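Residue-level structure breakdown
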Amino acid sequence: MKKAVLITSLMLFSMFFGAGNLIFPPMLGQSAGTNYLPAILGFLATGVLFPVLGIIAVVVSGENVKDMAGRGGKIFGLLFPIAAYLSIGAFYALPRTGAVSYATAVGVDNALYSGIFNFIFFAVALALSWNPNGLADKLGKWLTPMLLLLIVVLVTLSMLTLHGTPGEPTEAYATQPAGVGLLEGYMTMDTIAALAFGIVVISAFKYQKVKKVRTATVISAFIAGALLAAVYLGLGQIGQVIEGDFANGSGILNSAAHATMGTPGRIIFVAILILACMTTAVGLIGATSEFFNSLLPGISYHIWAVVFALISFGVATLGLETVLAIAAPVIGFIYPAAITLVFLTLIEPVLFRFNWTFLLGIWVSVIWALFMTVPALTPYVEWAPLHSMSLGWVVPVLVASVIGMVIDGNKKLSPRVEKKAAVVAS
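Residues numbered from 1 in each chain as written. Predicted model: local features only at pLDDT ≥ 70, side-chain atom pairs only at ≥ 80, totals over all residues. Heavy atoms only, no water.

Quick word on the overall build of the protein
- Summing up its helical and strand segments, the protein has 18 helices and zero strands in all.
- Over its C-alpha trace the protein gives a radius of gyration of 22 Å, about what one expects of a compact globule, namely 22 Å for 426 residues.
- Across the 426 residues of the protein, 52% fall into the buried class.
- Restricting to contacts in the protein with at least 6 residues of sequence separation, those with at least 24 account for 80%.
- For the protein, the computed accessible surface area is about 18,300 Å², with 71% contributed by carbon and sulfur atoms.
- Charge separation in the protein, taken as the distance between the mean sites of 20 positive and 16 negative side-chain charges, equals 21 Å. (Helix = DSSP H or I, 4+ residues; strand = E, 2+ residues; numbered from the N terminus. Rg over C-alpha atoms; globule rule 2.2 N^0.38 Å. Buried < 20%, exposed > 50% of the residue type's maximum accessible area, 1.4 Å probe, protein only. Contact = heavy atoms within 4.5 Å. Areas by Shrake-Rupley, 256 points an atom, 1.4 Å probe, with all protein chains shown as cover. Lys, Arg positive; Asp, Glu negative; His and termini not counted. Charge placed at Lys NZ, Arg CZ, Asp CG, Glu CD.)

Okay, here's the thing in structure tokens:
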């Protein structure tokens, strides 16, 4: 079991660790300056803790996100998993892996070159994900160790040879460093990805004939989370010790690689980024194809894999800016419901069975997210606390969930009250 847990943990880490996860921390490290500690702690909360809790929530509720989402009613139980898998799959996160790889490795604004690169990229990803039962071996045994080794080399050399000092925090990090860090971790989309990856982790353990699947999944989630946190801290430190002004985290890492290793360093950086994107692409194709195959068994896993690889190839070829333009409204709309679903699922076993708590909490999160996402409706919810941080939905969802708990609690207690009243009356 120990070997299976280790390999699956490495697989899960690699599925989480994509392009955004690579370039956000160093930019945070430089932008936060002397306010680095609260900023990185905020990032770790939403970029590590939430995804780990998401995996745990999946195994607590069943075997996949569909089991979880069903608690929000039949409509939500069907539509939310589909929206989640499409957003982290072919309509955003999956094509982003190819688009970011091309922008970093080639960087030429040419549709033909982009098409050729992305065709090769997604063909390789499709080949690696062709056998879903072999994902743990391919990612956990080979690709992830290579990725981690390259990152360790870059971080270690940067710490030893770069001697810059943290500067003044930028305007955003000067006043609310922890809040901005929270939002940066939020943008990784890993909480949504965790709900989707649960099915892959559980399938991997079943294939490896692990008996205690739930226990193994929880342990793997914590190990993957620890690895993510360690890598984020290392990458963030690079941003703290490098000198110069950079537009993004990619530029910081590229410069650090060149400063520490020369031209080979640039090659190593490109290899790190492409490996990070490739492992995520393989995991996403596997997860989305398994889900849609379970939803529509008449269409095989392999057909879904080809369809999603082709869609991702087409979207990625349009360029990184086009892909990122789709991201903000998608993330803004889905994330509140995902986080609400995770936390209510984890709280329920400690209290009592929820019914109205799920219904009220989830549907308020969906409606509030809709108002925050549609520009014409946004003015109606700007009064909410935390709205300026894109977290205006939190307080309304908390209130709705508490109301639901009161209703569910009264329903749970009412039979006892009636029984006691009957005894007293007799």
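Concerning empty space enclosed by the protein
- Summed over all chains, the structure comprises two cavities of 30 Å³ or more.
- Taken together, 16 residues form the lining of the largest cavity, with Ala93, Arg96, Thr188, Asp190 and Thr280 sitting closest to its centre.
- For the lining of the largest cavity, the secondary-structure elements that each account for two or more residues are α1 (2–16), α2 (19–32), α6 (93–105), α11 (190–207) and α14 (263–295).
- Forming the boundary of the second largest cavity are Leu12, Phe16, Pro51, Val52, Ile55, Ala221, Ala224, Gly225 and Leu228.
- Elements with a minimum of two residues in the lining of the second largest cavity: α1, α3 (36–61) and α12 (213–241).
- In terms of residue count, the dominant contributor to the lining of the second largest cavity is α12 (four residues).
- Its residues assigned to classes, the lining of the second largest cavity shows eight nonpolar, one polar and no charged. (1 Å grid on protein atoms, 1.4 Å probe; cavity = no way out; pocket = protein on both sides within 12 Å on 5 of 7 lines; lining within 4 Å. Points joined across faces, edges and corners; volume = space filled by probe spheres on them. Nonpolar A, V, L, I, M, F, W, Y, C, P; charged D, E, K, R; others polar.)

Description of the pattern of salt bridges
- All chains considered together, the criterion is met by one salt bridge.
- Close ionic contact of Arg71 with Glu348 constitutes a salt bridge, the shortest N to O distance being 2.8 Å. Taken as a pair, Arg71 in the loop between α4 (65–69) and α5 (74–88) and Glu348 in the loop between α16 (320–347) and α17 (356–373) lie far apart in primary sequence, 277 residues in all. (Salt bridge = Lys/Arg side-chain N within 4 Å of Asp/Glu carboxyl O.)

Some points on the side chain of Glu348
- According to the relative accessible area criterion, Glu348 is buried, its value standing at 11%.
- Engagement of the side chain of Glu348 in a polar contact is seen with the side chain of Arg71, the distance being 2.8 Å.
- Not counting chain neighbours up to four residues away, the residues in contact with Glu348 comprise Arg71, Arg353, Phe354 and Phe358. (Polar contact = N/O pair within 3.5 Å; in protein donor to acceptor, adjacent residues only side chain to side chain.)

Quick notes on the environment of Gly234
- Tracing the sequence through the fold places Gly234 in helix α12.
- On the basis of relative accessible area, Gly234 is assigned to the buried category, the value being 12%.
- Spatially, the C-alpha atom of Gly234 lies 9.3 Å from that of Leu154, the residues being 80 residues apart in sequence.

Describing the confidence of the model for the protein
- Overall, the prediction assigns the protein a mean pLDDT of 82, with 90% of residues at 70 or greater.
- A low-confidence stretch, residues 416–426 (pLDDT under 50), is modelled with zero contacts involving residues beyond four sequence positions or located in other chains. (pLDDT = per-residue confidence, 0-100.)

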